[in-house]
Amino acid sequence: GHGTHVASTAAGVAVRKASYYDGLAAGTARGGSESARIAVYKVCQHGDCPDWLLLGAFDDAIADGVHVISLSLGSDNSGDFLRDPQALGAFHAVEHGITVVCAGGNSGPRPSTISNDAPWIITVGASTVDRAFESNILLGGGQVVKVYFFFSSSKKIYVIYFFNKCN
């Protein structure tokens, strides 16, 4: 699931000859730190994520000496930091020198729909476009066309091109 993906992004070992969409961006894929160790704390059961499990997981992570907490849960109490268990747990962790990174939620893209917006949390999110690759194509007569390839989750490829000369 999502947590496994995030863990592999943070600490995945090198995978040679990796590519996206039939060889595009071919190379070696690896996590941010191959030597990182992952600690996992279960905070949700049967679709419910009770506050006591979440706060207990923060306490366990602090006691275990983790360096970074990545939390992929949204919050219904955004902005009300005294009632938001994620904000409270994150504050406690930050007080112990732990970096806390949280998901921005899935309610956008509308104004004021981000969650986990406490100033001590690094909040991250994704755009609606999965990936873009830029390339220059040299045409006859020396004209250069800048091309952008965008891939969507529906497996469609969108190509945007500009007929301006590139420097």
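Quick look at the structure, then. Bear in mind that the values here come from a model prediction, so they are computed numbers and not experimental data.

**Here we look at the packing of aromatic side chains**
This structure, assessed with the given rule, holds 2 aromatic pairs. Centre to centre, the rings of Phe81 and Trp120 are 5.3 Å apart; their planes meet at 65 degrees, and the pair counts as edge-to-face. Remark: Trp120 occurs in the loop between strand E4 (99–103) and strand E5 (122–124) and Phe81 occurs in the loop between strand E3 (68–71) and helix H3 (85–95); sequence separation between them is 39 residues. Of the residues examined, Phe81 reaches a relative accessible area of 25% and is grouped as partly exposed. Summarising the aromatic geometry, the rings of Phe91 and Trp120 are spaced 5.0 Å apart at their centres and angled 75 degrees between planes, so their arrangement reads as edge-to-face. Taken as a pair, Phe91 in helix H3 and Trp120 in the loop between E4 and E5 lie far apart in primary sequence, 29 residues in all. A relative accessible area of 38% places Phe91 in the partly exposed class. Three or more aromatic residues link up through ring pairs in this structure, and these residues are Phe81, Phe91 and Trp120.

**Some points on helix H2 (residues 51–64)**
With 14 residues, H2 extends 20 Å between its outermost C-alpha atoms, agreeing within 8% with the 20 Å of an ideal straight helix rising 1.5 Å per residue. Buried residues of H2: Leu53, Leu54, Ala57, Phe58, Ala61 and Ile62, and no others. As for H2, its buried residues are in contact with E3, H3 and E4. After H2 finishes, the residue Gly65 shows a positive phi value of roughly 80 degrees.

**Some thoughts on the sheet that holds E5**
A sheet is described by the order of its strands in space; here 3 strands give the open sequence E3-E4-E5, paired in parallel fashion. Strands at the two margins of the open sheet, each flanked by one partner only, are E3 and E5. Strand-to-strand, the axes of this sheet are offset by a mean angle of 20 degrees, without reference to chain direction. As defined by bridge partners, E3 adjoins E4 across 4 bridges and the pair is classed as parallel. Along E4, the bridge assignment pairs Ser70 with Val101.

Basis of the calculations
- Residues numbered from 1 in each chain as written.
- Predicted model: local features only at pLDDT ≥ 70, side-chain atom pairs only at ≥ 80, totals over all residues.
- Heavy atoms only, no water.
- Phe/Tyr/Trp six-rings, centres within 6.5 Å; stacked < 30°, edge-to-face > 60°.
- Helix = DSSP H or I, 4+ residues; strand = E, 2+ residues; numbered from the N terminus.
- Buried < 20%, exposed > 50% of the residue type's maximum accessible area, 1.4 Å probe, protein only.
- Expected span 1.5 Å × (residues − 1).
- Contact = heavy atoms within 4.5 Å.
- Pairing = 2+ DSSP bridges.
- Axes fitted to C-alpha atoms, helices over the stretch in contact; angles between N-to-C directions.

In short, shape yes, function no, at least from these values alone.
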